[in-house]
Amino acid sequence: MRIDVITLFPEFVETCAGIGVVGRAQERGLLQVQAWNPRDYATDAYRRVDERPFGGGPGMVMLIDPLRDALVAARAAATEPAKTIYLSPQGTRLTQEKVAEFAQRDRMILLCGRYEGVDERLLEHEADEEISIGDYVLSGGELAAAVLIDAIGRLQEGALNDAQSAQQDSFSDGLLDCPHYTRPEQHALGPVPTVLTSGDHAAIRRWRRKQALGRTWLRRPELLAQLKLGKEDEKLLIEFQQDTKI
Ligand code: ADE
C-alpha cells in the first residue's frame, strides 16, 4: 500500500511512520509513506501557504493553489488512482471497521490542514472523504494522519509478527480486548488468574471471551448494544454480571 500525505510538517509524519510496527512494514516493503509539503509549491516570494479568512475572524485559512499543486504532484507519483481523505474534526468518526476498509486499498492520499482549516473550494473539488479521529480539536491534521497510518499499517498482511494478533484486537469483533498477564505468576500486586496457567486451552478461550464481553458491558455498553450475541456469549456475559455483583 502507498500513502501520500500532504502536510506542512513532512518530517513529523515521516518520523511517525518510520517507527515501530509501521516502520517495519515500510522496511518489509508492505507500505510506503511519502509526505509532500505544500510550501514547496507556493509561488510567491514568501512561500505563503495561508491567508486571512474572507468575512473576518481569527486565524488563517490554507490557500487553494499550494495544496492543489502538492496534490497533483502526489497523485502523479504512482499510477494507481487514489482517494483523497481530509482529516478534520468535521469528518466521519474513524472506527476499526473503517480502518479495515482503508487497509484493503492500494493507495490513499491524506490531506492535513493547519490553522483554521482549508479553503472550502479545495475540499469540494479535491477531497473524497473527510475523517475525524475523535470529538476533540487538534491543531492540525498531522497527528490524525499518523493515527490513521498506524492503524492501517499494522493491518497490512505481514506487518505483525503474530498473524493472529490483528484478529484478536479490540473492536475487531465489536468487543473490547480481554486483560493480559505475563511473568511473574505471583507478584506483590497480586496473582495471575489461575485459568491462564492451567494449560486448559478451551477454558482459557472461554475466560478471555467472558472478560471481553464483561469489559465491553462495563465500559462501553453502547458497543454491546450494537451486537447480536450468540447463546454462549449471552451465558458468559450473565456469568460475568453475576461474578461482578458480589
Ligand atoms: N484535525 C484537527 N482535529 C482533528 C480531529 N479530531 N480529527 C482529525 N483531524 C483533525
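Nothing here was measured: the structure is a model prediction, and the numbers come from that model. For every chain, the first residue of its written sequence is number 1, and the numbers climb from 1 along that sequence. Confidence filtering applies because this is a predicted model: local features only for residues at pLDDT of at least 70, side-chain atom pairs given and counted only at 80 or more, and all residues used for totals across whole chains, interfaces and linings. For the side-chain quantities, the full set of heavy atoms in the structure was used; hydrogens and water were omitted.

### As for the sheet that holds strand S7 (residues 117-118)
Test applied: Strand pairing is assigned whenever DSSP detects at least two bridges linking the two strands. Secondary structure elements are defined from DSSP: runs of H or I of at least 4 residues count as helices, runs of E of at least 2 residues count as strands, and each element is numbered from the N terminus.
Taken together, the three strands give an open sheet; going across it, the order is S3-S4-S7, and neighbouring strands pair in mixed fashion. Unpaired on one side and paired on the other, strand S3 (50-51) and S7 mark the two borders of the sheet. Strand direction decides the pairing type here: S3 and strand S4 (residues 61-62), joined by two bridges, are antiparallel. Directly across from Glu 51, in S4, lies its bridge partner Val 61.

### So, the site of the ligand
For the record, the criterion: It suffices for a single heavy atom of a residue to lie within 4 Å of a molecule or strand for the residue to be listed as near it. Polar contacts, as counted here, are pairs of nitrogen or oxygen atoms within 3.5 Å of one another; within protein the pair requires one atom able to donate a hydrogen and one able to accept it, and residues that are adjacent in sequence qualify only if both atoms are side-chain atoms. For the area figures, the Shrake-Rupley method with a 1.4 Å probe applies, and any residue is considered shielded solely by the protein chains shown. Basically, the charged four are Asp, Glu, Lys and Arg, the nonpolar ten are Ala, Val, Leu, Ile, Met, Phe, Trp, Tyr, Cys and Pro, and anything else, Gly included, counts as polar.
Taken together, the neighbourhood of the ligand is formed by 13 residues, with Ser 88, Ile 133, Gly 134, Tyr 136 and Leu 138 sitting nearest. Separating a nitrogen atom of the ligand from a backbone N or O atom of Ser 88 is a distance of 3.2 Å. A distance of 3.0 Å separates a nitrogen atom of the ligand from a polar atom in the backbone of Leu 138. For the ligand, the accessible surface in isolation is 260 Å², of which the surrounding protein chains cover 96%. Only strand S5 (83-93) and strand S8 (129-132) provide two or more residues apiece to the shell around the ligand. Per-element accounting of the shell around the ligand gives the leading share, three residues, to S5. Broken down by class, the residue content of the shell around the ligand amounts to eight nonpolar, five polar and no charged.

### Things to note about the pattern of salt bridges
Defined as follows: Definition used for salt bridges: Asp or Glu carboxyl oxygen within 4 Å of a side-chain nitrogen of Lys or Arg. A 1.4 Å probe rolled over the protein chains alone gives each residue an accessible area, and that area as a share of the maximum for its type sets the label: buried under 20%, exposed over 50%, partly exposed in between.
Considering all chains together, one arrives at 21 salt bridges under this definition. The salt bridge involving Arg 206 is made with Glu 232; its shortest N-O contact spans 3.6 Å. Of this pair, Arg 206 sits in helix H7 (residues 201-219) while Glu 232 is found in helix H9 (residues 231-244), placing the two residues 26 residues apart along the sequence. On the basis of relative accessibility, which here comes to 39%, the residue Glu 232 falls in the partly exposed class. Linked through salt bridges whose partners overlap, the residues forming this network are Arg 206, Lys 210, Glu 232, Lys 235, Glu 239 and Asp 243.

### Section: the side chain of Thr 7
The following threshold applies: Residue contacts follow a heavy-atom distance rule, with two residues in contact if any of their heavy atoms lie within 4.5 Å.
Of note, Thr 7 is situated in the loop between strand S1 (2-6) and helix H1 (10-16). Under the relative-accessibility criterion, Thr 7 is labelled buried at 0%. In this structure the side chain of Thr 7 is engaged in a polar contact, spanning 2.7 Å, whose partner is the side chain of Glu 142. Once you skip the residues sitting within four places of it in the chain, Thr 7 turns out to touch Val 13, Ala 35, Trp 36, Asn 37, Pro 38, Cys 112 and Glu 142.

### Observations concerning the side chain of Glu 129
Along the polypeptide, Glu 129 turns up in strand S8. A distance of 3.2 Å separates a polar atom in the side chain of Glu 129 from a polar atom in the side chain of Arg 105. If near-sequence neighbours (up to four positions away) are discounted, Glu 129 is found in contact with Lys 83, Thr 84, Ile 85, Tyr 86, Lys 98, Phe 102 and Arg 105.

### Notes on H9
Threshold: Here the expected length of a helix is defined as 1.5 Å per residue gap, with one fewer gap than residues. In this description, the arc belongs to the directions extending from the helix axis to the C-beta atoms.
With 14 residues, H9 extends 20 Å between its outermost C-alpha atoms, agreeing within 8% with the 20 Å of an ideal straight helix rising 1.5 Å per residue. All of the buried residues in H9 are Asp 233, Leu 236, Leu 237, Phe 240 and Gln 241. All buried residues of H9 lie within an arc of 140 degrees about the axis, which places them on one face of the element. With respect to the buried face of H9, the exposed residues turned more than 90 degrees away are Lys 231 and Gln 242.

### Topic: the packing of aromatic side chains
Aromatic ring pairs are defined here through the distance separating the ring centres and the angle between the ring planes. Heads up, the condition is: Aromatic rings from Phe, Tyr and Trp, with only the six-membered ring used for Trp, were paired whenever their centres fell within 6.5 Å, and each pair was classed as stacked if the ring planes differed by under 30 degrees, edge-to-face if by over 60, and tilted otherwise.
Scanning the entire structure with this criterion turns up one aromatic pair. Centre to centre, the rings of Trp 217 and Phe 240 are 6.2 Å apart; their planes meet at 85 degrees, and the pair counts as edge-to-face. Taken as a pair, Trp 217 in helix H7 and Phe 240 in helix H9 lie far apart in primary sequence, 23 residues in all. For Phe 240, a relative accessible area of 8% puts it in the buried group.

### Some remarks on the environment of Val 137
Relative to the elements of secondary structure, Val 137 occurs in the loop between S8 and helix H6 (142-153). Overall, Val 137 belongs to the exposed group, its relative accessible area being 70%. Separated by 44 residues in sequence, Val 137 and Tyr 181 have C-alpha atoms that sit 35 Å apart.

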